[in-house]
Amino acid sequence: MDLLATGRIRCTFGVEGFVKVESFSGEYEHFLGFDRVFLSIPQEKLREQKYKDGWFEIEEVNLRKADALIKFKGIDSPEAAKSLTGSELFIPRDKAAPLEEGEVYVHDLCNCDLVCEGTLVGKITSVAEGGGGYLLEIAGKTSEAAAESSFYVPFNKEFIGKIDLKAKTVELMHRWILE
């Protein structure tokens, strides 16, 4: 099953086991369609809390302006909810926030080749959030003489051109940014 990260549990809320969730997309309306999610809880925490796996059924979702409050079945106290803080929520692709024209899911950029003027520059390994926007983390060489390393490229229209998810390529508009 193709799962996408959609948010992160920030903290507990109230005495009934609710958690505050921050959406990675900034949109929350699609949270109302969730019936269950996969949480990225470390295996030792899963065993310690006696959860059978990372899938949790959702009992209730309350949307607020800057976050969502979620109540999971079987999580009925702040103490139980606290064990989930820091976990990311993963959902099936068909439950994710709908994309507008020209938008892509961050997950789909990972493992794409970064290409400049027809030459492979490197492979996108992850996407980080920086002060001015998103940064593509690239594993590759900044020049022919350079050793393999990681570097960052701003993910904006001045530096990134055509994105072809079928071919798994992302165009770098200006090679000078690597210098």
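Residues numbered from 1 in each chain as written. Predicted model: local features only at pLDDT ≥ 70, side-chain atom pairs only at ≥ 80, totals over all residues. Heavy atoms only, no water.

Asks: How would you explain the sheet that holds strand β9 (residues 133-140) if you had to name every residue and give the values?
Replies: Spatial strand order, β10-β9-β8-β7-β12-β11: six strands in an open sheet with mixed pairing. Every other strand in the sheet has two partners, leaving β10 (149-154) and β11 (160-164) as the edge strands with one partner each. Each strand of the sheet is rotated relative to its neighbour by a mean of 35°, with strand direction disregarded. Relative to β9, strand β8 (residues 119-130) runs antiparallel, the two being bridged by eight bridges. (Pairing = 2+ DSSP bridges. Helix = DSSP H or I, 4+ residues; strand = E, 2+ residues; numbered from the N terminus. Axes fitted to C-alpha atoms, helices over the stretch in contact; angles between N-to-C directions.)

Asks: An account of the packing of aromatic side chains is needed here, citing residue identities and associated values.
Replies: Going through the model one piece at a time under the given rule, you end up with five aromatic pairs. Measuring from centroid to centroid gives 5.5 Å for Phe38 and Trp55, while their planes differ by 70°, and the two rings are edge-to-face. Note that Phe38 is positioned in strand β3 (residues 36-39) and Trp55 in strand β4 (residues 55-63), a separation of 17 residues in sequence. Accessibility expressed as a relative area gives 29% for Phe38, which makes it partly exposed. Overall, Trp55 belongs to the partly exposed group, its relative accessible area being 22%. (Phe/Tyr/Trp six-rings, centres within 6.5 Å; stacked < 30°, edge-to-face > 60°. Buried < 20%, exposed > 50% of the residue type's maximum accessible area, 1.4 Å probe, protein only.)

Asks: Could you give an account of the layout of surface pockets, naming the residues involved and the relevant values?
Replies: Taken as a whole, the largest pocket spans an internal volume of roughly 940 Å³. As for the largest pocket, its lining consists of 31 residues, and the residues nearest its centre are Phe24, Ser25, Tyr105, Val106 and Tyr134. Where the lining of the largest pocket is concerned, the elements lending two or more residues are β1 (3-13), β2 (18-23), α3 (106-109) and β8. Among the elements that make up the lining of the largest pocket, the one with the highest residue count is β1 (five residues). Split into classes, the residues belonging to the lining of the largest pocket amount to 17 nonpolar, seven polar and seven charged. (1 Å grid on protein atoms, 1.4 Å probe; cavity = no way out; pocket = protein on both sides within 12 Å on 5 of 7 lines; lining within 4 Å. Points joined across faces, edges and corners; volume = space filled by probe spheres on them. Nonpolar A, V, L, I, M, F, W, Y, C, P; charged D, E, K, R; others polar.)

Asks: Would you mind going over the side chain of Ser83 in detail, with residue names and values included?
Replies: Counting through the fold element by element, Ser83 comes out in the loop between α2 (78-82) and β6 (88-92). A polar contact of 2.7 Å, which involves the side chain of Ser83, links it to the backbone oxygen of Ala80. (Polar contact = N/O pair within 3.5 Å; in protein donor to acceptor, adjacent residues only side chain to side chain.)

Asks: Report on the pairing of β8, specifying residues and quantitative values.
Replies: Pairing of strand β7 (residues 113-116) with β8, which is carried by four bridges, proceeds in the antiparallel orientation. Looking at the pairing, Val115 lines up with Leu120 of β8. The turn linking β8 back onto β9 is made up of two residues.

Asks: Provide a residue-level description of the sheet that holds β3, including the pertinent values.
Replies: Paired through their backbone hydrogen bonds, the strands of a sheet run either parallel or antiparallel. With respect to topology, six strands assemble into a closed barrel ordered β1-β2-β5-β4-β3-β6, the strand pairing being antiparallel. Sheet twist, expressed as the mean angle between neighbouring strand axes with direction ignored, is 45°. In this sheet, strand β5 (residues 68-72) lies alongside β2 in antiparallel orientation, the contact comprising four bridges. The residue of β5 that forms the bridge with Lys20 is Leu69.

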